[in-house]
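Structural description and commentary
Listed below are the residues making up each chain.
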Amino acid sequence: MKSNGFSEAPARRAPDVFSHLIERLCPAYRNRITAELRPEEKDGFQLADAPGGRIRISGNTPVSLAAGLNYYLRERAGVHLSWCGDRLVLPPEPPPVSTEVRREFPLPLRPCLNYCTFGYSMVWWEWPRWEREIDFMALNGINMPLAVTGIEAIYLRTLLHFGLSREEILAFLSGPAFLPWQYMNNLDSHAGPLPSPWITSHLALGRRILERERAWGMKPILPGFSGHVPEAFARLYPRCRFIRSEGWCGFAPVVTIDPADPMFAEVNAVFLRELTGAFGTDHYYSIDLFHEQRLDRCSPDHLAACGRCVSAALLAADPEAVWVMQAWSERPEIIRNIPAGRLLLLDIGKERLKATGGLDGRPVVWEGCQTFSGSWGYHRDEATWKSPRMCLEMLINHVSRGGNLLMNVGPTSRGYIDARAMERLAGYADWMKYNSRSIYGCGAAPAGFPAPPDCRYTYNPETNRLYLHCFAWPFKHVHLPNLAGKVKYAQLLADGSEIRRREAVNEVHSNLNSTTPDNALTLELPVLLPQGTEVPVIELFLK
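Residues numbered from 1 in each chain as written. Predicted model: local features only at pLDDT ≥ 70, side-chain atom pairs only at ≥ 80, totals over all residues. Heavy atoms only, no water.

Counted according to the given criterion, the structure contains 17 aromatic pairs. Between Trp83 and Phe136 the ring centres are 5.2 Å apart and the planes differ by 50 degrees, which places this aromatic pair in the tilted class. Of this pair, Trp83 sits in the loop between α2 (62–75) and β4 (101–104) while Phe136 sits in helix α3 (residues 127–139), placing them 53 residues apart in sequence. Judged by its relative accessible area of 58%, Trp83 is exposed. You can call Phe136 buried: its relative accessible area is 17%. Taking 6.3 Å as the distance between ring centres and 80 degrees as the angle between the ring planes, the aromatic pair formed by Phe233 and Phe242 counts as edge-to-face. (Phe/Tyr/Trp six-rings, centres within 6.5 Å; stacked < 30°, edge-to-face > 60°. Helix = DSSP H or I, 4+ residues; strand = E, 2+ residues; numbered from the N terminus. Buried < 20%, exposed > 50% of the residue type's maximum accessible area, 1.4 Å probe, protein only.)

Across all of its chains, the model carries eight cavities of 30 Å³ or more by this definition. Reported here for the largest cavity is a volume of approximately 140 Å³. Together, 16 residues line the largest cavity, and Phe118, Val123, Thr149, Trp198 and His202 are the ones closest to its centre. Put simply, the parts of the chain that give the lining of the largest cavity at least two residues each are α6 (179–183) and α7 (196–215). The residue inventory of the lining of the largest cavity, partitioned by class, reads twelve nonpolar, three polar and one charged. Its boundaries defined by the atoms lining it, the second largest cavity holds a volume of some 110 Å³. In terms of lining residues, the second largest cavity is bounded by 15 residues, among which Ser373, Ser375, Gly377, Trp385 and Gly410 are the most central. Residue composition of the lining of the second largest cavity, grouped by class: six nonpolar, seven polar and two charged. (1 Å grid on protein atoms, 1.4 Å probe; cavity = no way out; pocket = protein on both sides within 12 Å on 5 of 7 lines; lining within 4 Å. Points joined across faces, edges and corners; volume = space filled by probe spheres on them. Nonpolar A, V, L, I, M, F, W, Y, C, P; charged D, E, K, R; others polar.)

Okay, the sheet that holds strand β9 (residues 242–244) next. Reading across the sheet, the three strands line up as β8-β10-β9 and stay open at both edges, with antiparallel pairing between neighbours. Taken across any chain shown, the strands that pair with only one partner, and hence form the sheet edges, are β8 (228–229) and β9. Pairing of β8 with strand β10 (residues 255–257), which is carried by two bridges, proceeds in the antiparallel orientation. Looking at β10, one finds that His228 is bridged to Thr256. (Pairing = 2+ DSSP bridges.)

Following this line, the structure appears as structure tokens:
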């Protein structure tokens, strides 16, 4: 199995890729910012002043260095970088860091992109736009991007190997804007045939994208083989078992090799050989069997066999393979039959994760994609708007379960943000002004710390602080199970005022009417909160 040749030795390439990023973003600081790669450090970055008015950025990976640069430019130099535009007016001299900054990534795997994104404007991107996007990923700490560009060449080579004509294969491959849905097994042969020059140019573009991503030390996810083949393949191999879909969103049914048929493993071996020969590998392969398809004719036992057979085929072709699956239409029978440690679920946008700990015992990387109202874009007559309070509770719920929250904001045709959306964004800004450290760098609380009723915990592993978010403010006190003897200080984030603590089981405070339960910590609460505390947060300094 051909490795990529980059991820194994990021230290050799980090200075080059980082210095080139400096040249693109802030060339005036080229001789004032130094980078130090420290693989032995925790996953994150450090910022400090260096002699001669220089700024030192250190990190354990090249991506960490880029994330450190982004932090410095934003927090010290007043720079704003975004998809919607940049503010890159730099001070003449690099502002000092002053107090050393250390940040640790809360999650080891930080994926980016799904198949659909490759079918919107991204499908027409050429290298300059891709270079900017990869820069943006690195600056924001992404280390596991989906890499789809150029994969149609692998389908062409694989199907040619099995005797299909070039014309049949090009007719099978959909037009460029529809290819992502073909890779998810939803459709084929739509708005095609795919032109041959497209395949040649995008094979080269895909290689260039992967080379740059790996230069940053990223571990790209490549598409695996899901069994989707042209109807002509079924005619060539009549003894092979096939599963025909019932059609997706009005498109014609597609043909899939039954993963339990030996032909699946045979085609998969050729596909992965061509894939890794052209692109190298980091051993992560995205496969979504029967994505958003009805499978009334497939029994649970058959689906279980599909999970076992695809896993076996992957591992036979690449013993280090990890199956990456979007959790949009996950099937438990398949998931339960994938070997432990060989599946990564990406729950991006559907919020299948109801509690921490993964889905069906498997680890999950997840994000919620939400709207302020009932419309994804601007809708003049939309009346079902979430309140600012509900938006805050959504944010806290996501972070408390180890996820991210993506809020969709649709502008008007004139490019303005609707006043109703601005009101909710202002609600976030007002609350985050005092409570942001209960969100940034935080995730789920350690196991064994159940939150009280109508409350949510978030936890920052770098500072070892636990944050109690109260959706309903308790009267006079709140008991925190399993926290007896584990908290050295508590304060209200809104104003920094101390919250008194009590642990003695038999002691009853004069203002309270209940004793502290065994192994619990009791917080003595004010009856009135500071003005403007929409969702109060108590910061707990753990011992």
